[in-house]
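Now for the letters of each chain:
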Amino acid sequence: MKKIVAIIFLFVTVFVVSCSKEDNNMGESNSVPGRWVLQEMIELNTMKEVPYTDGIEYTFKADETFTGISVDIDFDGSDVVTKKIAISGTYVLSDNGQKITIRQNGGQTLVFDIYDLTSKKMILRGKFQNFQVESTFSKK
């Protein structure tokens, strides 16, 4: 498998585990715009940390655009080569604020459930590639 882009928002990450409003910690003062740095990504089926996510971050702007840094992963035999890449695009929050859709310029569209959002932490859940993942970001 060549050139897998790990995000979170991997980002790097499409989320399908939904949550009810009662499960969310989202208040009016908590918002998505700002710089978010990935702290941890785990595969929900195994609860193991996903490797190769160091350095992933996103800056969401109030005009619904984003810039960020992702990781390009090249599996070449037994060697794994990672390279940081700049990404940008647009994002949209659902009307109820429980989902975020991220469209990378020239790339893929990812949909994440916002599991938790405070002024300092954002947790996104869902499916990325063939994995169910949870990504924890801190606001910088």
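Residues numbered from 1 in each chain as written. Predicted model: local features only at pLDDT ≥ 70, side-chain atom pairs only at ≥ 80, totals over all residues. Heavy atoms only, no water.

What is the right way to look at the overall build of the protein chain in this model?
Helices and strands together make up the secondary structure of the protein chain, namely zero helices and 10 strands. Expressed as a percentage of its 140 residues, the buried residues of the protein chain come to 44%. Total accessible area on the protein chain is roughly 7,500 Å²; 48% of this is exposed by carbon and sulfur atoms. (Helix = DSSP H or I, 4+ residues; strand = E, 2+ residues; numbered from the N terminus. Buried < 20%, exposed > 50% of the residue type's maximum accessible area, 1.4 Å probe, protein only. Areas by Shrake-Rupley, 256 points an atom, 1.4 Å probe, with all protein chains shown as cover.)

Would you explain the nonpolar core in this entry?
For soluble globular proteins, nonpolar side chains are generally found buried alongside one another. Among the nonpolar cores identified, the biggest contains 23 residues, and Val32, Phe60, Ile100 and Met122 are the most heavily contacted of them. Among the elements of the structure, strand E2 (34-43), strand E4 (57-60), strand E5 (65-76), strand E6 (79-93), strand E7 (99-104), strand E8 (109-117), strand E9 (121-128) and strand E10 (131-139) are those that each provide at least two residues to this core. Sort the elements by how many residues they give to this core and E8 lands first, with four residues. Non-local contacts of Val32, meaning those with residues more than four positions away in its chain, are made with Phe60, Tyr91, Leu93, Ile100, Ile114, Leu117 and Met122. (Core = buried A, V, L, I, M, F, W, Y, C linked by side-chain atoms within 4.5 Å. Contact = heavy atoms within 4.5 Å.)

Honestly, the pattern of salt bridges in this entry has me stumped. Any pointers?
As a working rule, side chains carrying opposite charge can pair if their charged atoms are close by. Per the stated rule, a full pass over the model turns up four salt bridges. Glu57 is paired through a salt bridge with Arg35; the nearest N and O atoms lie 3.0 Å apart. Pair noted here: Glu57 is in strand E4 and Arg35 is in strand E2, with a separation of 22 residues, a long-range link. Judged by its relative accessible area of 17%, Glu57 falls in the buried class. In this structure Arg35 comes out as partly exposed when scored by relative accessible area, which is 36%. Arg125 serves as the salt-bridge partner of Glu134, at 2.5 Å between the closest nitrogen and oxygen. Residue Glu134 shares its accessibility class with Arg125, and that shared class is buried. (Salt bridge = Lys/Arg side-chain N within 4 Å of Asp/Glu carboxyl O.)

What's the story with the environment of Met41 in this structure? I'm lost.
The topology assignment puts Met41 in strand E2. The class for Met41 is buried, based on a relative accessible area of 1%.

Quick question: what am I supposed to make of unusual backbone geometry here?
If a residue is not glycine, its phi is most likely negative; likewise, a peptide bond is most likely trans. Phi is positive for Met47, which is not a glycine, with a value near 65°. Although it is not a glycine, Glu64 adopts a positive phi angle of roughly 65°. If you trace the backbone, Glu64 turns up in the loop between E4 and E5. Among the residues examined, Glu64 registers a relative accessible area of 39% and is labelled partly exposed.

Geometric descriptors of this kind do not, in isolation, establish any biological role.
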